[in-house]
Amino acid sequence: MSLSDESIAPTPTTQQDAQPGFEGTEPVNSSMQEFYQLYQELLVITLVLTGIVFVSVWLFYSLNIALNYLLGACAGVLYLRMLAKDVEGLGREKQSLSKTRLALLVALLLLASRWNQLQILPIFLGFLTYKATLIIYVVRVAFDSDSPKLRQP
């Protein structure tokens with residue numbers, strides 16, 4: 001028997017172990033579990049950062065600008081969720097990531113340009129909050145000497 005004849009099957013988990021928002025998916029292995037943990041961590045960091053920036057903008061500018069920022073940040077969280085769903089299906093169902101997620105940003109900016117109450121810059125900066133989350137995560141992991149990702153075997 002050769003190695004190519006053996007199949008590697010992921011260890012099944014129960015439905016209660018599945019992450020919220022990913023119900024009805026196939027059993028997950030340890031790398032998918034790491035993916036879900038990363039997604040949850042990025043989501044929490046994004047929401048905390050959104051709250052901090054929203055309150056700061058409200059205090060230093062106005063409620064209208066803060067709400068515009070919050071609208072963009074919510075679109076960024078939705079974009080992050082869509083990206084996570086896309087990455088989750090990568091390899092099993094499809095071979096590449098779809099590009100339709102950017103339609104969310106385009107539609108939001110078009111709406112902002114047509115409606116006088118919405119402002120494009122705060123919405124765009126709110127959308128980019130998830131990018132700030134990624135920068136925070138990368139810097140934290142890079143400087144975390146106890147991180148298992150940085151240890152050499």
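See the structure above.
None of the values given here were measured: they were computed from a predicted structure.

About the cut-offs
- Residues numbered from 1 in each chain as written.
- Predicted model: local features only at pLDDT ≥ 70, side-chain atom pairs only at ≥ 80, totals over all residues.
- Heavy atoms only, no water.
- Phe/Tyr/Trp six-rings, centres within 6.5 Å; stacked < 30°, edge-to-face > 60°.
- Buried < 20%, exposed > 50% of the residue type's maximum accessible area, 1.4 Å probe, protein only.
- Helix = DSSP H or I, 4+ residues; strand = E, 2+ residues; numbered from the N terminus.
- Arc of directions from axis to C-beta.
- Contact = heavy atoms within 4.5 Å.
- Axes fitted to C-alpha atoms, helices over the stretch in contact; angles between N-to-C directions.
- Parallel < 35°, antiparallel > 145°, perpendicular 65-115°, else oblique.
- Left-handed = near helix turned anticlockwise from the far one by under 90°.

Undergrad: Can you help me understand the packing of aromatic side chains in this one?
TA: Each pair of aromatic rings is reported with the distance of its centres and the angle of its planes. Enumeration over the complete set of coordinates arrives at 5 aromatic pairs. On the basis of an interplanar angle of 55 degrees and a centroid distance of 5.6 Å, the ring pair of Phe 35 and Tyr 36 is categorised as tilted. The exposure class assigned to Phe 35 is buried, which follows from its relative accessible area of 18%. Note on Phe 127 and Tyr 130: the rings are 5.6 Å apart at their centroids and 80 degrees apart in plane angle, and the pair reads as edge-to-face.

Undergrad: How should helix H4 (residues 120-127) be read in this particular structure?
TA: Residues three or four positions apart in an α-helix share a direction because the helix packs 3.6 residues into each turn. Every buried residue belonging to H4 is among Pro 122, Ile 123, Gly 126 and Phe 127, and all of these are buried. The buried residues of H4 occupy an angular sector of 140 degrees when projected down its axis, which confines them to one face. Residues of H4 that are buried in the fold lie against helix H2 (63-89), helix H3 (102-114) and helix H5 (129-143).

Undergrad: Help me out: how do you make sense of the side chain of Thr 46 in this one?
TA: Locating Thr 46 in the fold gives a position in helix H1 (residues 30-60). Beyond its immediate sequence surroundings of up to four residues, Thr 46 is in contact with Val 77, Leu 80, Thr 129, Tyr 130 and Thr 133.

Undergrad: Would you mind showing me how to read the packing of H2 against H3 here?
TA: Any two packed helices are characterised by how steeply their axes cross, that is the angle between the axes, and by the distance between the axes. Two elements in contact, H2 and H3, have axes separated by 9 Å at closest approach and are oriented at 165 degrees. Of the possible angle classes, the one that applies to H2 and H3 is roughly antiparallel. Between H2 and H3 lies a crossing of right-handed hand. Side by side, H2 and H3 meet where Leu 71, Gly 72, Ala 75, Leu 78, Tyr 79 and Met 82 of the first sit next to Leu 102, Leu 104 and Leu 108 of the second.

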